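As a plain string of letters, each chain reads:
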Amino acid sequence: MGMDMKKKWNDGWLFYKGKIEDDTTAVLQQKEKFLPVRLPHDYLIEELTKLYEDSSGFYRKEFCIRKTDHGRWFVTFDGVYMDSTVYLNGEQIFEWKYGYSSFTVDLTKYLRDGQNEIAVRCNYQCPNSRWYSGAGIYRNVWLRECGEYYLVEDGVYVHTGKTEKGYELTLSTEVGSNGECIDKEKEKNIRIQHCLKCRTEDTDLTYTIKEKETNILRNVIEWDFDHPVLYELETLLYVDGKIQDRQVCRIGFKDIVLTPDKGAFLNGRPFKIHGVCEHHDLGALGAAVSETAIRRRLGCLKEMGANAIRGSHNMMAPEYLDAMDEMGFLFISEGFDMWKRPKNPFDYARFFEEWHGRDIASWIRRDRNHVCVFMWSIGNEIYDTHVDASAVTLTRELMEEVYLHDALKNAPVTVGSNYMAWDGARKCAQVYKLAGFNYGEKLYEEVHREHPDWILYGSETSSIVQSRGIYHFPLRASVLCEEDLQCSSLGNSQTSWGAASYEACVCVDRDIPYSLGQFIWSGHDYIGE
């Protein structure tokens, strides 16, 4: 089996938009209804008058496989919105509920030698979100062909830490066989080799990395906002002396310290988070992933002076994280906008209790090696933390789930909360002690005095509504909507929760030394809400 057998699998798909009540078997028998489509695909954006219409999206793709005795085939979906089911040759083989987390399906035992057909159904019921979600297979799809032994998807885990001698690097690798992780130490014919490389205009460094040892690396070039230097980690799996599998990931070396009294430091230098919140949609392009559009948006934010992004309020596409690694952004990787208590009738709360463990595993394993990630947010404006006494226990359970897959704590756990004025949310914050405040800057002094060991930052600030160049008088009139459907730039069009002005946000950020900084709402306008 050759190396690099993972390939993008976006071509050759057919699509049909049906109804929630449609029978899948009956739909798949009507091939004439399906039309060619290229992934990633957001089918909601194609009909602007039906952006929130209940529907089911059906996808199908024919492909040919030449089976071998020990070959295995996996397909990875970076994101399908939502409540999706996977079929192979007419048989249901997999399901996945959340629309924002990635999932991998082992096709092997269902494959035929020769021609096969995979099909995916996703169900969109409205309202399911507080913003425009899109629908369909809206992120990339990958096919991976492996041999009898293989490197498990997202199974290479890297941790770095700065010491007086240099940077420590530790890593572990999961090896699979027959669809299960194996104890590779018991397999004498298996050997893992790791090679770390950094090549820039001025540098050509290569390190051999040993597993289960603390590797001390000297002369490391650190990753920072202005010089986001990345290293390439190549992992090779040898079986009986021959290369059986290969994976490559990019890592960086940063020394980030978050303190409760002096703010944040990157590589020994103090900094303020000048962040923005970003939804996953790309405006008029909809939710379908476009790497070009993502990089353009991040480029605009970088030019504006932003140094951090908060993924609001769900797992972002891998292309976002790759770009932030390269461009020098810190990133809050966020998982959920709700837990058990729903915000809409058809949102993820329907599935949270049964599925959140699998979603956390997928999320953390996929993102944990990215140097841009500096916080794991397990929730945004979670109502459970406000009204349920059991939310403290659930908060602790979710944090433990995160650290189950990031045991060396590449990033700490946080929550972005708009309930910090009340006891419930504060009891939950006592669990993780990295407290994100949504529109709660006025609480900083009180909370800092009562909890001097907590680290504080503005997880969502501003929410200022102004139309550039529009001025409504008199100044004393607080009006959100005039006849011209514009908001005043004088500061007299205010939301009940938002800041009085951009200047007020800047002053809070500047004048409170123990605050890490803020994430302004929002970096780009978005569809919905």
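Presented here is a report on the structure given in the accompanying data block. None of these values were measured; they are calculated from a predicted model.

1. Let's talk about the nonpolar core
One broad trend across soluble globular proteins is that nonpolar side chains are buried collectively.
Then, in step 1: One finds Trp13, Tyr59, Phe77, Leu107, Ile118 and Leu298 to be the most contacted residues of the largest nonpolar core, which totals 122 residues.
Then, in step 2: Looking at which element gives the most residues to this core, the answer is helix H4 (residues 349-367), with 7 residues.
Then, in step 3: When near neighbours in sequence (up to four residues on either side) are disregarded, Trp13 contacts Leu35, Pro36, Val37, Leu39, Tyr59, Arg60, Lys61, Phe77, Ile118, Val120, Ile137 and Val141.
Then, in step 4: Among the nonpolar cores identified, the runner-up in size contains 16 residues, and Cys198, Val229, Tyr231 and Ile251 belong to it.

2. Topic: the pattern of salt bridges
Working definition: two side chains of opposite charge can pair if their charged atoms are close together.
Then, in step 1: Per the stated rule, a full pass over the model turns up 35 salt bridges.
Then, in step 2: The shortest N-O distance in the salt bridge between Glu222 and Lys162 comes to 3.0 Å. Highlighted residues: Glu222 in the loop between strand E16 (215-217) and strand E17 (231-239) and Lys162 in strand E11 (residues 149-163), separated in sequence by 60 residues.
Then, in step 3: Relative accessible area serves as the criterion here: at 43%, Lys162 is assigned to the partly exposed category.
Then, in step 4: Note that Asp511 is salt-bridged to Arg510, the shortest N-O span being 2.6 Å.
Then, in step 5: Classification of Asp511 by relative accessible area gives partly exposed; the value is 46%.

3. A closer look at H4
Then, in step 1: Taking 1.5 Å per residue as the helical rise, H4 with its 19 residues ought to reach 27 Å, whereas the 23 Å between its terminal C-alpha atoms falls clearly short.
Then, in step 2: Remark: the principal bend of H4, roughly 80 degrees, maps to Trp355.
Then, in step 3: Within H4, 14 of the 19 residues are buried, leaving the element largely enclosed by the surrounding structure.

4. Some words on empty space enclosed by the protein
Then, in step 1: The full count for this structure, using the stated rule, is 4 cavities of 30 Å³ or more.
Then, in step 2: As a volume, the largest cavity reaches approximately 80 Å³.
Then, in step 3: If you trace the largest cavity, you find 13 residues lining it, with Tyr81, Tyr98, Tyr100, Asn128 and Met338 closest to the centre.

5. Things to note about helix H3 (residues 318-327)
Then, in step 1: For H3, the buried fraction is high: 8 of the 10 residues fall into the buried class.
Then, in step 2: Of the residues making up H3, those classed as buried are Pro318, Glu319, Tyr320, Leu321, Ala323, Met324, Asp325 and Met327.
Then, in step 3: Where H3 is buried, its residues meet helix H2 (291-304), strand E23 (308-311), strand E24 (330-334), H4 and strand E25 (373-380).

6. What about the pairing of E24?
Then, in step 1: In terms of burial, E24 is largely enclosed, as 5 of its 5 residues are buried.
Then, in step 2: Covered by surrounding structure in E24 are Leu330, Ile332 and Glu334 together with Phe331 and Ser333, the residues of both alternating faces.
Then, in step 3: Pairing of E23 with E24, which is carried by 3 bridges, proceeds in the parallel orientation. By the bridge assignment, Ile309 is partnered in E24 with Phe331.
Then, in step 4: This β-α-β element, E23 to H3 to E24, shows right-handed connectivity.
Then, in step 5: Note: E24 against E25, 4 bridges, orientation parallel. Pairing of Ser333 across the sheet is with Trp376, part of E25.
Then, in step 6: Since E24 and E25 lie parallel, the crossover through H4 that links them has a hand, and here it is right-handed.

The rules behind the values
- Residues numbered from 1 in each chain as written.
- Predicted model: local features only at pLDDT ≥ 70, side-chain atom pairs only at ≥ 80, totals over all residues.
- Heavy atoms only, no water.
- Core = buried A, V, L, I, M, F, W, Y, C linked by side-chain atoms within 4.5 Å.
- Buried < 20%, exposed > 50% of the residue type's maximum accessible area, 1.4 Å probe, protein only.
- Helix = DSSP H or I, 4+ residues; strand = E, 2+ residues; numbered from the N terminus.
- Contact = heavy atoms within 4.5 Å.
- Salt bridge = Lys/Arg side-chain N within 4 Å of Asp/Glu carboxyl O.
- Expected span 1.5 Å × (residues − 1).
- Bend = angle between axes of the 7 residues up to and from the residue.
- 1 Å grid on protein atoms, 1.4 Å probe; cavity = no way out; pocket = protein on both sides within 12 Å on 5 of 7 lines; lining within 4 Å.
- Points joined across faces, edges and corners; volume = space filled by probe spheres on them.
- Pairing = 2+ DSSP bridges.
- Right-handed = clockwise from strand over helix to strand, strands pointing away.

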